[in-house]
Amino acid sequence: MQGYQSAIVEAERHNKWAVQAEALRRLAVLHHHRNEREAAHAAAHRSFEVASAAGDDVLGGEALNVVGGFELESGDLLAAAMAFQRALALGGSSPELSARLEQNLGIVANVRGDLDAALEHYQRSLQAYQAARNEPGCAIAFHNLGMISADRSRWDDADHYFEQSLAIARATGDLRLQGLCFLNHAEVHVAKQRFEQAMSGAESALAMFDQLGTLLDKADAYRVIGTVYRETGRPALAEARLKAAIELSSRTGSVLSEAEASRELALLYQVMGRNQEALVLLNTAYRLFHRIDARVELGDVSGRRARLEETYLALVRDWGQSIESSDSYTFGHCERVAEYAVQVAAMLGLDDHERTTIRVGAYLHDVGKIRVPHEILNKPGRLTPEEFDVIKMHPIWGIELLAAIEFPWDIRPIIRWHHEKQDGTGYPDRLRGDEIPVAAQIIGIVDVYDALTTTRSYRPAMTHEQALAEMRQCRPWWRAEVYDAFVRAIGTRTIAAAA
Ligand SMILES: [Fe+2]
Ligand SMILES: [Fe+2]
């Protein structure tokens, strides 16, 4: 810093404005590294002023690029984009500078989840690096284009870009970029089910990261290797690698890597039928994803968050369906209950979080039936009172099964009380009136509707109209607003009775 400071003073005295602007900009970066925010901004702005006064647009653009970088790191995406755009308008005549600016604009677009815009910026960045004959720059641009193409499932493009990037990284001896190319390309191979190539790529990447000692990169390599083991039916190896990935990424403090590895391990547990453990992990991943700082991770965090939520819903849906398969009469029950319930919830004006709670609760509302003996669950004909007492245990057993799992959505009231009735005649706790949470009532009412409109061993399915007439007789079971919302959401539709 002292060197740059003397340079600035000397340059000013001798009217060497280019040296002065350059030194100011480098000083700004040093201040930034020392977390001296104001000094960093002040130096960058002075650099811009000196360059502007001398009419040097490229140096002015360089100064603004640095300002944009500061804004990007502090999370102000709009200010960052504006600084980069201004810099581009000013210093765009320099291919070197515009290559870096387009790259930065691509990063901003990526963080904002605008993948199309990101792709365009990275493409323009590549062209500019090519015009400047800047090989290392081209390698980075190819790599970024590969990542974006993979995110948009454009696999052939991704293949091509990663190969190009790797070829240059090899020629320039950039070991880390080689490793990243191998690793990120391996993820494309996984998506395309080219497992041998995926494994060899991820192993090469791991070897390179080992050599470099970059722990976080190693964590990502373990995650991909674990995924390949899982997809090729080697669960024990998969579990070991994925656990290593979680451990390493948590040690390095990378929330995104930890969340992604947790999601992959959850998928493994699901395949192994370890549904409870899978859910525990997905909840961890869910919490981690909501802690992720998009500006630090500089990637498509919101897209990944959405994928996690999809995984989550798919897992609970599968688990719910695993109960149905042992009870052929109720096949598809959970899915239908979920669809109906979400419509009723929407009619009641419940928000997104409450609707997701209801969907997850619907998938799992009967999970306790896993403990009901087969003969009772599938009994042809009516149940004896004793057998019915066993069935009545399923809300409690459901709560017990899920006791160790901390859900991001509070589904326990749904599981425990979906058979409670407004008039106190339900089970297991004989709650009355408003003691029954509205979410449990919603599941309760559509549960009855679905039971009536599907065939049972002791009676055929009722038509939609018959079911509604039957439910009108039972009005005291539900509070008025829930019954009304049900009638408006489901009752007015004409639905063919399910087979
Ligand atoms: Fe139930
Ligand atoms: Fe049910």
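Bear in mind that the values here come from a model prediction, so they are computed numbers and not experimental data.

Asks: Help me out: how do you make sense of the packing of aromatic side chains in this one?
Replies: Geometry of an aromatic ring pair is reported as the spacing of the ring centres plus the angle between the planes. In total, this model carries nine aromatic pairs according to the counting rule given. Note on Tyr340 and Tyr449: the rings are 5.3 Å apart at their centroids and 75 degrees apart in plane angle, and the pair reads as edge-to-face. Note that Tyr340 is positioned in helix H18 (residues 333-347) and Tyr449 in helix H24 (residues 438-452), a separation of 109 residues in sequence. Arranged with centres 5.6 Å apart and planes meeting at 65 degrees, the rings of Tyr449 and Phe486 form a pair that is edge-to-face. Taken as a pair, Tyr449 in helix H24 and Phe486 in helix H26 (residues 480-491) lie far apart in primary sequence, 37 residues in all. Taken as a pair, Tyr449 and Phe486 share a single burial class, namely buried. Aromatic rings pair up to connect Tyr286, Tyr312 and Trp409 into one cluster. Here the basic side chain of Lys421 rests over the ring of Trp477, its NZ or CZ set 3.7 Å away from the ring centre.

Asks: Please clarify how the coordination of the iron ion (ligand 2) should be interpreted in this entry.
Replies: Tetrahedral coordination by four donors sets the ideal angle at the metal to 109.5 degrees; octahedral coordination by six donors sets it to 90 or 180 degrees. Here the iron ion (ligand 2) is held by His333 (NE2), His365 (NE2), Asp366 (OD) and Asp447 (OD), and the distances to it run 2.2 to 2.4 Å. Geometry at the iron ion (ligand 2) is irregular, judged from the four donor atoms that bind it and their angles of 72 to 173 degrees at the metal. Each donor residue of the iron ion (ligand 2) lies on the same chain, and together they follow the pattern H-x31-H-D-x80-D. A spacing of 3.7 Å is found between the iron ion (ligand 2) and the iron ion (ligand 1), which share Asp366 as a donor. Given the relative accessible area of 0%, His365 is considered buried. Since its relative accessible area comes to 5%, Asp366 is described here as buried.

Asks: Help me understand the pattern of salt bridges in this model?
Replies: Here the idea is simple: oppositely charged side chains can pair when their charged atoms come close. Counting across every chain of the model gives 32 salt bridges. Arg25 is paired through a salt bridge with Glu22; the nearest N and O atoms lie 2.9 Å apart. Taken as a pair, Arg25 and Glu22 lie in helix H2 (residues 17-33) at a separation of three residues, close to a single helical turn. Classification of Arg25 as buried rests on a relative accessible area of 12%. A salt bridge links Asp366 to Lys369; its shortest N-O distance comes to 3.6 Å.

Asks: How should the state of the cysteines be read in this particular structure?
Replies: Two cysteines joined by a covalent bond between their sulfur atoms form a disulfide. Tallied over the full model, the rule gives zero disulfides. Considering cysteine sulfurs only, Cys181 is the nearest to Cys138, which forms no disulfide, with 13 Å between them. Overall, Cys181 belongs to the buried group, its relative accessible area being 2%.

Asks: Whenever I open this one, unusual backbone geometry confuses me. Can you help?
Replies: Note: most residues except glycine have negative phi, and most peptide bonds are trans. For the bond from Tyr427 to Pro428, the omega torsion is 5 degrees, close enough to zero to count as cis. If you trace the backbone, Pro428 turns up in the loop between helix H23 (412-417) and H24. In the Ramachandran plot, Asn35 falls in the positive-phi region, its phi being about 60 degrees despite a non-glycine side chain. The phi angle at Arg430 is positive, at roughly 50 degrees, despite the residue not being glycine.

Asks: What is the right way to read the packing of H2 against helix H3 (residues 37-53) from this model?
Replies: Angle between the axes and distance between the axes: these two values describe a pair of packed helices. Where H2 contacts H3, the axes come no closer than 8 Å and their chain directions differ by 165 degrees. Judged by the inter-axis angle, H2 sits roughly antiparallel to H3. As for how H2 packs across H3, the hand of that crossing is left-handed. Judged by residue contacts, Trp17, Gln20, Ala21, Leu24, Arg25, Ala28, His31 and His32 of H2 engage Ala39, Ala40, Ala43, Ala44, Arg46, Ser47, Val50 and Ala51 from H3.

Thresholds, definitions, all that
- Residues numbered from 1 in each chain as written.
- Chains lettered and ligands numbered in written order.
- Predicted model: local features only at pLDDT ≥ 70, side-chain atom pairs only at ≥ 80, totals over all residues.
- Heavy atoms only, no water.
- Phe/Tyr/Trp six-rings, centres within 6.5 Å; stacked < 30°, edge-to-face > 60°.
- Helix = DSSP H or I, 4+ residues; strand = E, 2+ residues; numbered from the N terminus.
- Buried < 20%, exposed > 50% of the residue type's maximum accessible area, 1.4 Å probe, protein only.
- Lys NZ or Arg CZ within 6 Å of the ring centre and 35° of its normal.
- Donors = N, O, S within 2.8 Å, 3.2 Å for Na, K, Ca; no water.
- Tetrahedral: all angles 85-135°; square planar, octahedral: opposite > 155°, others 65-115°.
- Salt bridge = Lys/Arg side-chain N within 4 Å of Asp/Glu carboxyl O.
- Disulfide = S-S within 2.5 Å.
- Axes fitted to C-alpha atoms, helices over the stretch in contact; angles between N-to-C directions.
- Parallel < 35°, antiparallel > 145°, perpendicular 65-115°, else oblique.
- Left-handed = near helix turned anticlockwise from the far one by under 90°.
- Contact = heavy atoms within 4.5 Å.

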